[in-house]
Amino acid sequence: MPKESQVHSSHFIRDFKLILDNCSPTSSPYFIGHMTSSLPNFLLELAKLITEKNQNLVKVETSKSFTKMELDCLYMLHNLIYQNHDYFYSEVNLNSQFSLGSFCSGGTIANLTALWAARNNLLGPSKNFQGVQSEGVVAALRYYGYKNLAVIVSERAHYSIKKSVDILGLGINIIHTIPTDKDHKIRTDLLEQKMNELESQQIKVLTIVGIAGSTETGHVDDLLTMSIIAKKYQCHFHVDAAWGGATMTSARYKHILKGIEQADSVTVDAHKQFYIPMGLGMILFKKPQLSKNITHHANYILRKNSNDLGRFSIEGSRSGMSLMLYVSFKVFGLNGYELLINESIEKAKQFSRMIKESKNFQLITHPELCILTYRYLPNKIQKLINRDNNDYIHTKINDLNVKIQEKQKQNGNSFVSRTKLFNYQYGYTMDVFRVVLANPLTQEKHLKKILHEQEKIGQNLFDTLVKFTEKECEYN
Ligand SMILES: Cc1ncc(COP(=O)(O)O)c(C=O)c1O
């Protein structure tokens, strides 16, 4: 930090031009590699107001009307997921001891909050035990007679689950990863098998985590079957809907998330498909009583009978970001959000058709929501793979796709991300392009250009990288 002031505050745009001009073009229609996209213009004005008002949602004294606004927001979201009767919400309104959930900076903190609440609920106070919150995990396991705990997720789970388990002092080895089926959803038969196995070993399942929109492929687990299994084994069921939660606004597509209403807790990110800037996420509890397991108090703040929202959140001071969501709900309405969600899913389907129709690309995962994966695979190589499924060819194709993605990023005209996926058909791990089609500005013409650029880069790289194929292909 410089000792003396170097810049006049009115000149900062000029003086920091280098930073501003070289940031990632997240709102460009060609930037389709990640979950960040263009935002509605009216949010710029709101961002100014939020800074000007500088509310701190940790307690009512510093956020008067904002506290009420945030509670309204939580109600709307809870209702979107759980659709309870009005009398349920009136009762919650009257009881300041519980909360429908809480806002936080994003999906990671929301997932951590869910596991925290589940842990404290499972290992709560009892006759001769003050609860895990006071006595810790070792004493809690001893008291309850469990050999250990377990968290069950599919292989597609977001890494924030690992972080959460780590922070909660449970050790990431308690995470049991269940393989996915050909549709990239958790194998519920293997899930049930695992539950049985753990029960027989006196290992208590802390929570099953369902994914509603996996980060890599956008697929949604069979949440209904998972909820039935969770009930059978009497364990917490958490749904990570950080990405897919907003799909509940779509009458056409919300059936994909069937069963989410059975979840004990749900993570939703507003800074993903609700088109709010970073960072606004939330955790919702089916039964508001669950929130009681994570309450903390302090004498100067967060008094027991206050309405301070900070009683239920990991974070202390928190900005009034939720005003963006509140205003967006009013501006877009359910119909507006439905339009955005429907368009994103239909655009992903359209792009998957374009890939399938192309001779030189291979669709790897079909879009269930608006995420899909594919790779560059020239026609002649496709024939070769079908005939001669060997490691050498696969390695070369992986190299080629990695290089294409890097070159495209370096060129700076467009951006897709990449990931690694195990492919059951070929029996090996593929390097694939991953696209997220959430930006309303992205149209067919942009998608065509992106594919065209990748094809050109691929053709140029092919001969240097995959020399063997010319010879191999001779006898095709
Ligand atoms: C499914 C899922 N869960 C959780 C997260 C973490 O969210 P955040 O980055 O807001 O902490 C992500 C982020 O991409 C995600 O895709």
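A quick note: this is a predicted structure, and the numbers were derived from the prediction, not measured.

A. Quick peek at the overall build of the chain. Of the regular secondary structure elements, the chain holds 15 helices and 11 strands. The C-alpha radius of gyration of the chain comes to 25 Å, within 12% of the 23 Å expected for a compact globule of 476 residues. Its C-alpha atoms put the chain at 80 × 65 × 50 Å along the principal axes. The buried share of the chain, taken over its 476 residues, is 54%. Counting contacts in the chain only where the partners sit at least 6 residues apart, residues at least 24 apart contribute 70% of the total. Working note: accessible area of the chain is about 23100 Å², and carbon and sulfur atoms make up 52% of it.

B. Region of interest: the site of the ligand. With respect to spatial proximity, 14 residues lie near the ligand, and among them Thr108, Thr215, Asp240, Asp269 and His271 are the closest. Thr108 has a polar side-chain atom sitting 2.6 Å from an oxygen atom of the ligand. Separating an oxygen atom of the ligand from a side-chain N or O atom of Asp269 is a distance of 2.8 Å. Here the ligand loses 84% of its free accessible area of 390 Å² to cover by the protein chains. Broken down by element, the shell around the ligand gets its largest block of residues, three residues, from helix 6 (residues 107-122). Partitioned by chemical class, the residues of the shell around the ligand number two nonpolar, nine polar and three charged.

C. A look at the sheet that holds strand 9 (residues 371-376). An order of 8-9-11-10 is seen for the four strands of this open sheet, with the pairing classed as antiparallel. Of all the strands in the sheet, the pair left with one neighbour each is strand 8 (361-365) and strand 10 (417-423). Each neighbouring strand pair of the sheet contributes to a mean axis angle of 45°, computed without reference to strand direction. Where strand 9 meets strand 11 (residues 428-436), four bridges bridge the pair, whose relative direction is antiparallel. Residue Ile371 lies in a different strand from strand 11, and its bridge partner there is Val436. Those strands touched by helix 11 (residues 322-357) are strand 8, strand 9 and strand 11, and its axis lies near 15° from that of strand 9. Helix 14 (residues 444-465) contacts strand 8, strand 9 and strand 11 of the sheet and is inclined by roughly 30° relative to strand 9.

D. Structural view of the packing of helix 4 (residues 64-82) against helix 11. As a packed pair, helix 4 and helix 11 sit with axes 9 Å apart at the nearest point and diverge in direction by 50°. With respect to their mutual orientation, helix 4 and helix 11 come out oblique. The hand of the helix 4/helix 11 crossing is left-handed. Between helix 4, through Phe66, Met69, Glu70, Asp72, Cys73, Met76, Leu77 and Leu80, and helix 11, the contact on the second element is made entirely by Ser322, Leu323, Leu325, Tyr326, Phe329 and Leu334. Considering only residue class, the contact of helix 4 with helix 11 consists of 11 nonpolar, one polar and two charged.

E. Just the pattern of salt bridges, in detail. For the structure shown, the criterion picks out 17 salt bridges. Of the charged contacts in the structure, one is a salt bridge between Glu197 and Lys194, with a shortest N-O distance of 3.2 Å. Residue Glu197 and its partner Lys194 are located together in helix 9 (residues 188-200), separated by three residues, close to a single helical turn. Note on Glu197: relative accessible area 33%, which makes it partly exposed. Assessed through its relative accessible area of 19%, Lys194 is described here as buried. Close ionic contact of Glu444 with Lys448 constitutes a salt bridge, the shortest N to O distance being 3.7 Å. Of the two residues, Glu444 and Lys448 both sit in helix 14, four residues apart, roughly one turn of that helix. Residue Glu444 is classed as partly exposed on the basis of its relative accessible area, which comes to 37%.

F. Broad picture of the packing of aromatic side chains. Evaluated as defined, the whole model comprises 16 aromatic pairs. Ring geometry for Tyr75 against Tyr89: centres 4.9 Å apart, planes inclined by 80°, an arrangement best described as edge-to-face. Separated by 14 residues along the polypeptide, Tyr75 in helix 4 and Tyr89 in helix 5 (residues 86-94) bring together distant segments of the chain. Exposure remark for Tyr75: the relative accessible area of 31% places this residue in the partly exposed category. Pairing Tyr144 with Tyr146 gives two aromatic rings, centres 6.1 Å apart and planes at 10°, and the pair type is stacked.

G. Quick look at the UniProt feature "modified residue: N6-(pyridoxal phosphate)lysine" (unreviewed entry) in the chain. Under the UniProt annotation, the feature "modified residue: N6-(pyridoxal phosphate)lysine" (unreviewed entry) is placed at Lys272. When you line up the elements, Lys272 lands in the loop between strand 6 (265-269) and strand 7 (281-285). What Lys272 contacts, discounting residues up to four positions off in sequence, is Met35, Ala242 and Trp243.

Reading guide: rules and limits
Residues numbered from 1 in each chain as written. Predicted model: local features only at pLDDT ≥ 70, side-chain atom pairs only at ≥ 80, totals over all residues. Heavy atoms only, no water. Helix = DSSP H or I, 4+ residues; strand = E, 2+ residues; numbered from the N terminus. Rg over C-alpha atoms; globule rule 2.2 N^0.38 Å. Buried < 20%, exposed > 50% of the residue type's maximum accessible area, 1.4 Å probe, protein only. Contact = heavy atoms within 4.5 Å. Areas by Shrake-Rupley, 256 points an atom, 1.4 Å probe, with all protein chains shown as cover. Near = heavy atom within 4 Å. Polar contact = N/O pair within 3.5 Å; in protein donor to acceptor, adjacent residues only side chain to side chain. Nonpolar A, V, L, I, M, F, W, Y, C, P; charged D, E, K, R; others polar. Pairing = 2+ DSSP bridges. Axes fitted to C-alpha atoms, helices over the stretch in contact; angles between N-to-C directions. Parallel < 35°, antiparallel > 145°, perpendicular 65-115°, else oblique. Left-handed = near helix turned anticlockwise from the far one by under 90°. Salt bridge = Lys/Arg side-chain N within 4 Å of Asp/Glu carboxyl O. Phe/Tyr/Trp six-rings, centres within 6.5 Å; stacked < 30°, edge-to-face > 60°. UniProt positions renumbered as here; feature names shortened; annotations may be inferred.

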